[in-house]
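Remarks on the overall topology
Here is how the chains run, residue by residue.
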Amino acid sequence: MKGSKKHIALAIASFFLLTLVLTGCATSNVPTDIASGKTMKVAFPWSPASLDPHGSNSWEVMRSGTGETLVRLNDQLEPIRWLAKEWKQEDETSWVFKLEEQVNFHNGNAMDANSVKESLLRSLEKNQKANDLLQIEEIEVLTANELKIVTKKPNSALIAHLADPSTIIVDVTTIEDKNTYPASTGAFKIKQFNKDESLLVERNEDYWGEQALLSEVKINYIADGNTRLLALQSGEVDAATDIPIDNISILEKDEKIEVLTAPSLRTHMLLFNMNSPLFEVVNHRKVIDRVIPRGEIVSKVMMGHGTVANSPFSDILPFGKVERNEEKQSIEQLMTQGGWQKNSIGIWEKQGKPFEVTMLSFPQRPELSVMAEIIQGRLVNEGIKVNIRQVENIDDALEKEDWDLSMYSMLTAHTGDPQYFLNVFYRSDSQANVSHYVSNSLDSTVNQLNETTEITSRNQLAVQAQETINADLPQSFIVHPKTVFGVRKEVQGFIPDPIEYYYIHSQIDVHE
Amino acid sequence: MIRFCCERIFQLIVVMFCVSTFTFILLRLSPGDPASILLSMNDVPASEEALTNLRIELGLTESLWSQYVQWLIDVFTGQWGTSYVSKEPVIDELLRRLPATLELATAGLLVMVSITFIMGIGTAIFSNGYLDRLGQFMALLGSSIPSFWLAFILIYIFSVQYGWLPPMGRSNWKNLVLPAVTLGVGMGTVYARVLRANMIELMNQNFVKAAKARGLSKSRILVFQVLKHAFLPIVTMLGTSFAFMLGGSIIIESIFAWPGLGKYIIDAISLRDYPVIQGYVIFASFLFVSIHILVDIIYVLLDPRLRVS
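Cut-off values and rules
Residues numbered from 1 in each chain as written. Chains lettered and ligands numbered in written order. Predicted model: local features only at pLDDT ≥ 70, side-chain atom pairs only at ≥ 80, totals over all residues. Helix = DSSP H or I, 4+ residues; strand = E, 2+ residues; numbered from the N terminus. Buried ≥ 20, exposed ≤ 12 C-beta atoms within 10 Å, placed from the backbone. Contact = placed C-beta atoms within 7 Å. Nonpolar A, V, L, I, M, F, W, Y, C, P; charged D, E, K, R; others polar. Axes fitted to C-alpha atoms, helices over the stretch in contact; angles between N-to-C directions. Parallel < 35°, antiparallel > 145°, perpendicular 65-115°, else oblique. Left-handed = near helix turned anticlockwise from the far one by under 90°. Pairing = 2+ DSSP bridges. Domains from an automatic or database assignment.

A look at the overall build of chain A
In terms of helices and strands, chain A carries 15 helices and 23 strands. With the principal axes as the frame, chain A shows a C-alpha extent of 90 × 85 × 40 Å. Split into buried and exposed, the 512 residues of chain A put 48% on the buried side. Considering only contacts in chain A between residues 6 or more positions apart, those separated by 24 or more positions represent 68%.

A short note on the interface of chain B and chain A
Listed as interface residues are 63 residues of chain B and, on the opposing side, 56 residues of chain A. Of all the secondary-structure elements, those providing two or more residues to the side of chain B that touches chain A are helix 2 (34–39), helix 3 (48–58), helix 5 (90–125), helix 7 (147–161), helix 8 (174–203), helix 10 (218–230), helix 12 (250–255) and helix 13 (261–270) of chain B. If one sorts the elements of the side of chain B that touches chain A by residue count, helix 5 of chain B sits on top with 14 residues. Partitioning the side of chain B that touches chain A into residue classes produces 34 nonpolar, 18 polar and eleven charged.

So, the packing of helix 6 (residues 130–144) of chain B against helix 8 of chain B
Residue and element names in this part refer to chain B. Where helix 6 contacts helix 8, the two axes come as close as 7 Å, and the packing angle between them is 140°. The angle between helix 6 and helix 8 places the two elements in the oblique class. Handedness of the helix 6/helix 8 crossing: left-handed. Seen from helix 6, the contacting residues are Gly135, Met138, Ala139, Gly142 and Ser143; seen from helix 8, they are Val185, Gly186, Gly188, Thr189, Val190, Ala192, Arg193 and Arg196.

Here we look at the sheet that holds strand 16 (residues 348–350) of chain A
Pairing is antiparallel across the open sheet formed by three strands, whose spatial order is 15-16-17 (chain A). Bordering the open sheet on either side are strand 15 (341–342) and strand 17 (353–354) of chain A, each of which pairs with just one other strand.

Here we look at the domain arrangement of chain A
All names here are of chain A. Split into domains, chain A comes out as domain 1 (35–238 + 490–512) and domain 2 (266–482). Each of domain 1 and domain 2 has a C-alpha centre, and the two are 34 Å apart. Facing the 14 residues of domain 1 at the interface are twelve residues of domain 2. Here the residues of the side of domain 1 that touches domain 2 are counted per class, giving nine nonpolar, three polar and two charged.

Right, here's the structure in full:
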């Protein structure tokens, strides 16, 4: 009996060992060998579906440090030279650009006015957003390093919009070639791309600017925020972006890791449906706006990693410093002016109908749902019933469902310029005007902005537009969240940039 | 046997056709405009012109019927449509991710089978002893611990605390260990209890008593008489679990940043990449039905009584 048990135990142990060996053998070795030299490993949340710099994943391509545009944004979010060393506006619609000389693409081909033209034309052909931003009528090659761009109508934001990643300059002959990666001009070039997994970029030895200090950067795509945090803690990656706010306290206790934050150009807001019978009345919008505890939301929901929003644009922008109109009348005064009275249970009602609203929220940004609940609680205390409805696709729900209020989040000035957002989100005839806000005065200000080139005047017009928005209150702006990064202390030169695609640059380094 | 296989293959074709058509209709009825989702991927609003142009480019302005016919043509021409996001043939996108999912499913199955065998046989032999109680506790734990929680605990212990195993990715064999264990532990401990119960029941059967009377050793009886019969119900369970794992373990792949089908399909659903979702449904239904056919065949091979019936 004892002997047979021993045999069974031995058989089980052997089976277990065999299984372990087989489990190990089942894995293939994905060839991601990292060459000798200094390598930095970074974790980003979103993996590009393709490396086409003019496709829908242009941001991710730009983030890899491989792509460059004619213009870039400095730390003041102003457009400065990059592949274009200077430019001059000839008339309302024509601009002449002088390109940097001695610039080669990653495949060794020289970048000149012709290749830049081809690249921009492809961008316009493949990316409708590039069309909307640039509004280009014609591109003319003047000399080997000079280019003339003519816009369909006056587009004063052209220079800032040329910093958009959809306009990355690339040797177009390499994009459709299945045997190679797109050849751009950045400090790093693509070495290996494993879809959904990682992107390995290596130093571009032929770079026209300052040579990269690192020999390679490996970008790991980790969608789950907790896994990004654990990968950083385990040393598997040297830096991670978009750390979930509730994990910051864990990282702060870790001596090997530094927590960095950058103000973002994003705005979390509460939309009013101005087609809803309740919110076509400005006083009702003012009541809701007054109740929102912005300071509490910043400190408790955002854990201090955000700033109170007074307007659609972040206050780090030169045109973002706008005061919010503090309503002087009390909630009671605002409500009673409209004929509302509190009933026996403290709810405002008119002609027997309670003040009851539907608020939409969505799960993709969990902090917005928490904010919705806080606002709901405050409104209930003030006698307004709020029914929160979670929807999977917020844009679809805003278009097709009945709603009064909705949580929303937008990147409002991704090129450091207000023109695109004001045109698309606020113009009375725009379909993306989700609040159904109609204002002739704002339309006229935006038209003026479109035609004004002088920066100070443009900023003034943007402020004027925001003042109109704040007076009419189609939305209540709540918070400008900060982006949180976790960086291991060995990393030098990591700049928490408000622009989400300049994280990897040539002067970033890792000290062993 | 040939007739049996032909019948099952016919069933496979019918099931795949019905499931894919049903999915096509459901997707079109479900909320979400792919053009609007694609254009606002970075939370920058899109213009009406951009939306209209993209809808035309993706064929979304065509009638439902012509979209369906176009999709059927795509399926039969072998490309299964083109992904809205990557602009590449769906079949290529699915096949590119299949090896990762196959690796994970196979490793997960091996862990699951190992646990089932080791714990099932061990606890059956030492029933009501300490090992049996431990097995009972493990089964309770395995079935009640959510897999995402187990995944994070394993990463914390083996990656953050000890640094033995990587927390994510698919660079070498070490990357496979944690996701495979997470995948296999939960079901393995439960199946072990099923195997134990079957074995204990069979050990009291007359044919086992007769074998003992003939002087066969206990290990021989266990392996060649009891285990063979006790394993039959487990085959179905393992088959179903394997099919699920081959379809992509969505949570595990997301947590461990494993570039397989599960993670891919979740992204495709959130971006309303219709051709990818439809292609995946055909692929998953093919897997499920094929594995069930395989299980039926194994059943027939293992149990001669079924061959007669």
